[in-house]
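Observations on chain architecture
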Amino acid sequence: MGLPVAEVIAAARSVGVRRLVTVGDTMASSRWCASTAATYADVFAAVAVHPNEVNDFTAADADELASLATLPHVRAIGETGLDYYWDTVEPAIQQAAFRTHIEIAKSAGKALVIHDRNAHDDVLRILEEVGPPERTVFHCFSGDVSMSKRCVERGYYMSFSGTVTFKNAAALREAANAVPLELVLVETDAPFLTPMPYRGQPNSPYLIPYTVRALADAMGVGEDEVAAATAANAERVFGSWAP
Ligand SMILES: [Zn+2]
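Let me begin by describing the structure that accompanies this report. (Residues numbered from 1 in each chain as written. Predicted model: local features only at pLDDT ≥ 70, side-chain atom pairs only at ≥ 80, totals over all residues. Heavy atoms only, no water.)

1. Quick look at the pattern of salt bridges
Inspection of the entire model under this criterion finds 10 salt bridges. Here R154 makes a salt bridge to E128, at a shortest N to O gap of 3.3 Å. Note that R154 is positioned in helix α6 (residues 145-154) and E128 in helix α5 (residues 120-130), a separation of 26 residues in sequence. Residue R154 is classed as partly exposed on the basis of its relative accessible area of 32%. Note that R213 is salt-bridged to E223, the shortest N-O span being 3.3 Å. Here R213, found in helix α8 (residues 208-219), pairs with E223, found in helix α9 (residues 223-238); they are 10 residues apart in sequence, far enough to count as distant. Looking at R213, the relative accessible area reads 40%, which means it is partly exposed. (Salt bridge = Lys/Arg side-chain N within 4 Å of Asp/Glu carboxyl O. Helix = DSSP H or I, 4+ residues; strand = E, 2+ residues; numbered from the N terminus. Buried < 20%, exposed > 50% of the residue type's maximum accessible area, 1.4 Å probe, protein only.)

See the structure below:
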């Protein structure tokens, strides 16, 4: 485990980041996220079992996620989706679990946070087949410009991580350039995907300004505009942080 939650929040606040979403990827971490969000006013939770972890995903797990999803501080179902990079879970098993997660998000009226790795076509197809929730986010967006345009057409949000700062990420920056301000979000994926110049160290929310700056550059707008837009978009997607 990393730093205590209160320290992570304090470090984030010191650079003006006041609102965080902590995201589950197993049943245990989803329960942890829900209870952490209940404890800290600045934190919301997303709950789900990650596509690489769904070999043992049961109907009882789905019921428990559906019940966590009704909690007021649980604001999204995620990370769910498809990951064809690793081959630990059969695509058919991933797809069935993804469909279940989409249904849970829709029943609870919560946002959907998607993990899509090497699976753009199947993710988009299954969203169309099941019918997407009102608010759908591609976390750590990793597509090229044709993928970002397909997401824009469908009104899906694209969340950019530290990868947008990487030297070899020209295609990702080109993709970002095709996204309107109304559909962008930023995230850490902590402790992974640390932005430059801290790549190689553990990521944490206080480093998000580097990602905001690189994204602003890629979009050809000011960093203040990106900061304002991502704050407003996050509130639209995840709901109000106001007490
Ligand atoms: Zn992910």
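2. Observations concerning the packing of helix α3 (residues 59-68) against helix α4 (residues 91-108)
Their axes nearest at 9 Å, the elements α3 and α4 cross at an angle of 25°. By the angle between their axes, α3 is roughly parallel relative to α4. Our pair here, α3 against α4, has a crossing hand that is right-handed. For the pair α3 and α4, contact is made by A62, L65 and A66 and by T100, H101 and I104, respectively. (Axes fitted to C-alpha atoms, helices over the stretch in contact; angles between N-to-C directions. Parallel < 35°, antiparallel > 145°, perpendicular 65-115°, else oblique. Left-handed = near helix turned anticlockwise from the far one by under 90°. Contact = heavy atoms within 4.5 Å.)

3. Regarding the packing of aromatic side chains
In total, this model carries 4 aromatic pairs according to the counting rule given. Between Y85 and W86, the ring centres sit 4.9 Å apart and the planes meet at 90°, which makes this aromatic pair edge-to-face. Residue Y85 is classed as partly exposed on the basis of its relative accessible area, which comes to 45%. With centroids separated by 5.7 Å and ring planes inclined at 35°, the aromatic side chains of F138 and Y156 adopt a geometry described as tilted. Residue F138 is found in strand β5 (residues 136-138), and its partner Y156 is found in the loop between α6 and β6 (157-160); the two are separated by 18 residues along the sequence. Across this residue pair, the class does not change: F138 and Y156 are buried. (Phe/Tyr/Trp six-rings, centres within 6.5 Å; stacked < 30°, edge-to-face > 60°.)

4. Some remarks on the side chain of R75
Tracing the sequence through the fold places R75 in strand β3 (residues 74-83). E235 is the oppositely charged side chain nearest to the buried, salt-bridge-free R75, at an N-O distance of 7.6 Å. When neighbours within four sequence positions are excluded, R75 is seen to be in contact with F44, A45, K110, A111, F238, G239 and S240. (Lys, Arg positive; Asp, Glu negative; His and termini not counted.)

5. Quick word on the sheet that holds β6
Taken together, 7 strands build an open sheet; the order of strands is β1-β2-β3-β4-β5-β6-β7 and the sheet is parallel. Sheet topology places β1 (20-23) and β7 (184-186) at the edges, where each strand pairs with a single neighbour. Each neighbouring strand pair of the sheet contributes to a mean axis angle of 30°, computed without reference to strand direction. As defined by bridge partners, β6 adjoins β7 across 3 bridges and the pair is classed as parallel. Along β7, the bridge assignment pairs F160 with V186. (Pairing = 2+ DSSP bridges.)

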